[in-house]
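Reading the structure
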Amino acid sequence: MYMLSKRDDSSTSPVNRNFYDDVMCGLRQTEKSLPSKYFYDAQGDVLFQQIMHCPEYYLTRCEEEILREQREDLAPCVSLGDDVTLVELGAGDGSKTFHLLQCLVSNYKHVTYHPIDISSHILKHLEADLGNKLPELSIDSYHGDYFEGLAALQQQGHTPKVVLFLGANIGNMPKAEAMQFCIRMRSFLNKGDKVLIGFDLVKNPRIIQAAYDDEAGLTRRFNINLLTRMNRELDADFNEELFEHYCHYDPTSGTCSSYLVSLLEHTVLFPEDEIHFDKGELIHMEVSQKYLPSEIDHMASETGFAPVKTFTDKRGWFVDVLWEA
Ligand code: AVI
């Protein structure tokens, strides 16, 4: 029996129970961590939108360039006959996918788009926006877990489809987990279905480091916002002033890691738990993995996909790879 909040009934919802359990599991470890999937509440969505537009965060602009400038090449690759069914995992605000969808609706009869996202807030925004801009597009969104969304689609029948997993979201998993993710994703696909996955490539380490440590402090606020969310939704008493954001890119592994550093020794109270922080102790917040092209090919072959085509931006910083199941 959980007693998560003295004040707010909504805190005892199953969603908050999972949130609480996940948080506690991470904070009770010797090396403390928090799951980055909880960054995306309404305020987190706004901050991430701002990050995507900040000068240092090149990833969104690179991928948008690919989808905008190579849409004519991409469209035939993602269409399977007259009909096109696109599923997007972690669709976000759909602003990059818009270019591809626009090209598809002007060239194909029936285009159906199934965005799946854990943020209901961003899905509502996406539906309204795309509904306005592309009235010919059929939109059928799913709020929740990616694999539950894929399973729900599978139950609707056997439609050839292309699954988009863009934005380097795959980088928010350690490499081994990303591999398992691809295997699981493939288990929901039929032979001939395709995936289009966005990977951020290894490059000058200073460029990567700056992307996760922007001058305006947006990434700092994005990380700190998770503490604010825990205070609000889990009745915790984090003092945001006692934590600083730190990020470290390790060019030998291609892993960019974000942390919050406790600036003082102190204890944070939850309704039924307390978590002690030493001065200087870290909470690992997020991994953003960068890949070599050879590692991406290796991932395709290890997970049972056949590489079809690779789309790269002009600077060669980012790729969208098309694989067939
Ligand atoms: C969503 N994801 C791909 C972003 C990234 O680049 O890892 C999340 C992010 N975190 C800080 N800045 C952006």
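The structure displayed is predicted, hence computed values, not measured ones.

1. Quick word on the side chain of Asp45
Considering the arrangement of structural elements, one finds Asp45 in helix α2 (residues 42–53). Of the side chains with opposite charge, Arg229 lies nearest to the buried Asp45, which makes no salt bridge, at 8.1 Å. In this structure the side chain of Asp45 is engaged in a polar contact, spanning 2.6 Å, whose partner is the side chain of Ser119. For Asp45, the contacting residues outside a window of four places in its chain are Tyr40, Ser119, His121 and Ile122.

2. Some thoughts on the environment of Asp93
You can see Asp93 is positioned in the loop between β1 (83–89) and α5 (97–107). Overall, the relative accessible area of 14% leaves Asp93 in the buried class. Residues Asp93 and Arg229 lie 136 residues apart in sequence; the distance between their C-alpha atoms is 21 Å. Excluding residues that lie within four positions of it along the chain, Asp93 makes contacts with Gln49, Ile122, His125 and Leu126. At 2.9 Å, the side chain of Asp93 and the side chain of Ser95 are in polar contact.

3. Quick look at the packing of α2 against helix α10 (residues 218–234)
Viewed as axis vectors pointing N to C, α2 and α10 meet at an angle of 160 degrees, and their least axial separation amounts to 9 Å. Judged by the angle between their axes, α2 and α10 are roughly antiparallel. In the packing of α2 onto α10, the handedness of the crossing is left-handed. Between α2 and α10, the residues in contact are Gln43, Gly44, Leu47, Phe48, Gln50 and Ile51 and Leu218, Thr219, Arg221, Phe222 and Asn225, respectively. Residue classes in the contact of α2 with α10 are distributed as 5 nonpolar, 5 polar and 1 charged.

4. So, the environment of Lys161
Relative to the helices and strands, Lys161 resides in the loop between α7 (146–155) and β5 (162–165). Excluding residues that lie within four positions of it along the chain, Lys161 makes contacts with Leu80, Thr85, Val87, Phe188, Leu189, Asn190, Asp193 and Lys194.

Calculation criteria
Residues numbered from 1 in each chain as written. Predicted model: local features only at pLDDT ≥ 70, side-chain atom pairs only at ≥ 80, totals over all residues. Heavy atoms only, no water. Helix = DSSP H or I, 4+ residues; strand = E, 2+ residues; numbered from the N terminus. Buried < 20%, exposed > 50% of the residue type's maximum accessible area, 1.4 Å probe, protein only. Lys, Arg positive; Asp, Glu negative; His and termini not counted. Salt bridge = Lys/Arg side-chain N within 4 Å of Asp/Glu carboxyl O. Polar contact = N/O pair within 3.5 Å; in protein donor to acceptor, adjacent residues only side chain to side chain. Contact = heavy atoms within 4.5 Å. Axes fitted to C-alpha atoms, helices over the stretch in contact; angles between N-to-C directions. Parallel < 35°, antiparallel > 145°, perpendicular 65-115°, else oblique. Left-handed = near helix turned anticlockwise from the far one by under 90°. Nonpolar A, V, L, I, M, F, W, Y, C, P; charged D, E, K, R; others polar.

Purely spatial values, then, with no claim about function.
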